[in-house]
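Fold and contact review
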Number of protein chains: 2
Amino acid sequence: MKPSKIEHIGIAVKDLDKSISLYEEMLGYKCYKIEEVKDQKVRTAFFKIGETKIELLEATEAASPIARFIEKRGEGMHHLAFAVNDIEKRLHNMKETGIDLIDRKARKGADGLDIAFLHPGSTSGVLIEICENKNKD
Amino acid sequence: MKPSKIEHIGIAVKDLDKSISLYEEMLGYKCYKIEEVKDQKVRTAFFKIGETKIELLEATEAASPIARFIEKRGEGMHHLAFAVNDIEKRLHNMKETGIDLIDRKARKGADGLDIAFLHPGSTSGVLIEICENKNKD
């Protein structure tokens, strides 16, 4: 996949506003954007640290993947996202090397990115997202 | 803390050699170092992606924190490490803002870094490491 960088780390939280305050105080950086992603049933908050982002994720419904994650494992790191070019080709390559895909095609995610998830069963238990910024890259 | 970057993401794995092969194939980058950290009872493998590293961690003993993590939660993301300057001052500041510390003083970690862990109970469930490269920074 030869990612250019780690685009972001997603962290599942119970109370977004509370965690924003906590991370702002801890990191010394301000959250630069809050965004709701309706089809993922999440509200997200972003911090920029060097070339990478921290994405806090709060469920907006009980059926949200984030709600199910927290119910099972508690709050904590949820996914790891790599920035790639030509996301459709990368997905094709991943599949060819035997990695199970959650998303067979890229779809729209938060922060203007085209995104797709790989199955953690294929990646030592890590939910990996690959993403491409087709607007800026 | 005003970290300059995300220094690395630590991933707990059962079989380091197997996961190195998997990550090499998936990422398209070679592991650049394998190192045993005896006092942490882990064997680690590093990948560089942009300014950040992926650190795969395998337990070398049943009493390793990584063995206990995997027993409880399975393989997956274990900790998130921020690069800071003046780690002792940062630890002091964290404590003053009410964040519980696992390490009250910095100690030697993998890859030549001075490291300290914050308690996940204070950080929305994320095991956060702060680290300083006193040799290069």
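Keep in mind that this is a model prediction, so the values were computed, not measured. (Residues numbered from 1 in each chain as written. Chains lettered and ligands numbered in written order. Predicted model: local features only at pLDDT ≥ 70, side-chain atom pairs only at ≥ 80, totals over all residues. Heavy atoms only, no water.)

Focus on the interface of chain B and chain A
At the junction of the two partners, chain B supplies 41 residues and chain A supplies 41 residues. Taken together, the two surfaces of chain B and chain A that pack against each other cover about 3400 Å², and 64% of this comes from carbon and sulfur. Counting the contacts that link chain B with chain A gives zero salt bridges. Contributing elements (two or more residues each) for the side of chain B that touches chain A: β1 (5–12), α1 (16–27), β4 (52–59) and β5 (76–83) of chain B. Of the residues contributing to the side of chain B that touches chain A, the split by class is 22 nonpolar, 13 polar and six charged. (Contact = heavy atoms within 4.5 Å. Buried area = accessible area lost by both parts, 1.4 Å probe. Salt bridge = Lys/Arg side-chain N within 4 Å of Asp/Glu carboxyl O. Helix = DSSP H or I, 4+ residues; strand = E, 2+ residues; numbered from the N terminus. Nonpolar A, V, L, I, M, F, W, Y, C, P; charged D, E, K, R; others polar.)

Focus on helix α3 (residues 87–96) of chain A
Restricting attention to buried positions, one finds in α3 of chain A the residues Ile87, Arg90, Leu91 and Met94 of chain A. Angularly, the buried residues of α3 of chain A cover 100 degrees about the axis, an arc narrow enough to put them on a single face. Where α3 of chain A is buried, its residues contact β7 (114–118) and β8 (128–132) of chain A together with α1 of chain B. Gly98 of chain A sits one or two residues past α3 of chain A and shows a positive phi near 90 degrees. (Buried < 20%, exposed > 50% of the residue type's maximum accessible area, 1.4 Å probe, protein only. Arc of directions from axis to C-beta.)

These values are about where atoms sit, not about what they do.
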